[in-house]
Amino acid sequence: MKKQILLVEDNPSNRELFVEILHLNEEYELHLAESGMRALEMLESFRPDLILMDIHMPEMDGLAVTRTIKSIPELASIPIVALSALAMKSDIKSALDAGCNGYITKPIRIRTFLEQVETYIKQEVQTEFSVSLLGKEE
């Protein structure tokens, strides 16, 4: 059975890039939400195995969406990995504090990105917080 991934990304070019990259793995079925509000609507009837969450979106940013998801008992166990161009320790800490299980910086390195997605999708219990900065694990 294919693993379900929800990509929450408002930028059409970024969405298109992530779709192309994630389709390299035939084990994934990708679902797209162009806003945080749309992601929350989708989660009313859909339980992905992983959420890839853009942090900087209009109306409701990715951290607010993450906090909302983590506050709903039926959704709280879904791993969420933040996607952001910001790589400061304070940005990463904000994502962790909001409930993200990982943090990947843009621009991504395709191989590293796919390896991280694979790691998160296979973990049944998300207990580690990892960071990818330009393809280097920290």
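Everything numeric in this text was worked out from a predicted model, so none of it was measured. Here, residues in each chain are numbered from 1, in the same order as that chain's written sequence. Since the coordinates come from a predicted model, pLDDT governs what is reported: local features require at least 70, and pairs of side-chain atoms require 80 or more to be given and counted, while whole-chain, interface and lining totals use all residues. Excluding hydrogens and water, the side-chain values take into account all heavy atoms of the structure.

A. Seen up close, the confidence of the model for the protein. The pLDDT averaged across the protein works out to 89; a share of 89% of its residues lies at or above 70. Scored between 0 and 100, pLDDT is the confidence that the predictor attaches to each residue. Note on contacts: a residue pair qualifies if any of its non-hydrogen atoms lie within 4.5 Å across the two residues. This model gives residues 124-130 a pLDDT under 50, and the stretch forms 15 contacts once residues within four places in sequence are excluded. For the stretch residues 132-138, pLDDT sits under 50, and the model shows 19 contacts to residues farther than four places along the chain or on other chains.

B. View of the environment of Ile 5. Elements are defined by DSSP. Helices are runs of H or I of four residues or more, strands are runs of E of two residues or more, and each kind is numbered from the N terminus. Along the chain, Ile 5 falls in strand E1 (residues 3-8). A sequence separation of 26 residues divides Ile 5 from His 31, and the C-alpha atoms of the two residues are 6.1 Å apart. Contacts of Ile 5, omitting those with residues within four sequence positions, involve Leu 22, Tyr 28, Glu 29, Leu 30, His 31, Pro 48, Leu 50, Leu 52, Val 117 and Ile 121.

C. Focus on the packing of aromatic side chains. For Phe, Tyr and Trp, where Trp contributes only its six-membered ring, two rings pair if their centres lie within 6.5 Å, and the inter-plane angle classes them as stacked under 30 degrees, edge-to-face over 60, or tilted in between. Counted according to the given criterion, the structure contains one aromatic pair. Centroid distance Phe 18 to Phe 113: 5.3 Å. Interplanar angle 45°. Geometry classified as tilted. Placement of the pair is Phe 18 in helix H1 (residues 12-22) and Phe 113 in helix H5 (residues 110-122), with a sequence separation of 95 residues. The exposure class of Phe 18 is buried, given its relative accessible area of 2%. Each residue gets one of three labels from its accessible area relative to the maximum for its type: buried under 20%, exposed over 50%, partly exposed in between, using a 1.4 Å probe on protein chains only.

D. Inspection of the packing of H1 against H5 at higher detail. Close contact between H1 and H5 brings their axes to 11 Å; oriented N to C, the two are set at 70°. Here H5 runs roughly perpendicular to H1, going by the angle between their axes. Touching Phe 18, Ile 21 and Leu 22 of H1 are Ile 110, Phe 113, Leu 114 and Val 117, all from H5. Each residue is assigned to one class: nonpolar for Ala, Val, Leu, Ile, Met, Phe, Trp, Tyr, Cys and Pro, charged for Asp, Glu, Lys and Arg, and polar for all the others, Gly among them. Looking at the contact of H1 with H5 residue by residue, the class counts come to seven nonpolar, no polar and no charged. Angular values range over 0 to 180 degrees, each being the angle between N-to-C directions of two axes fitted as lines to C-alpha atoms, with helices fitted over their stretch in contact. Roughly parallel refers to an angle under 35 degrees, roughly antiparallel to one over 145, roughly perpendicular to one between 65 and 115, and oblique to any angle outside these ranges.

E. Broad picture of the pairing of strand E2 (residues 28-33). Direction of pairing for E1 relative to E2: parallel, over a ladder of six bridges. Looking at E2, one finds that Gln 4 is bridged to Glu 29. Viewed with both strands pointing away, a crossover whose connecting path from the first strand over the helix to the second turns clockwise is right-handed. On the question of chirality, the crossover connecting E1 to the parallel E2 by way of H1 is right-handed. Pairing between two strands requires that DSSP report at least two bridges joining them.

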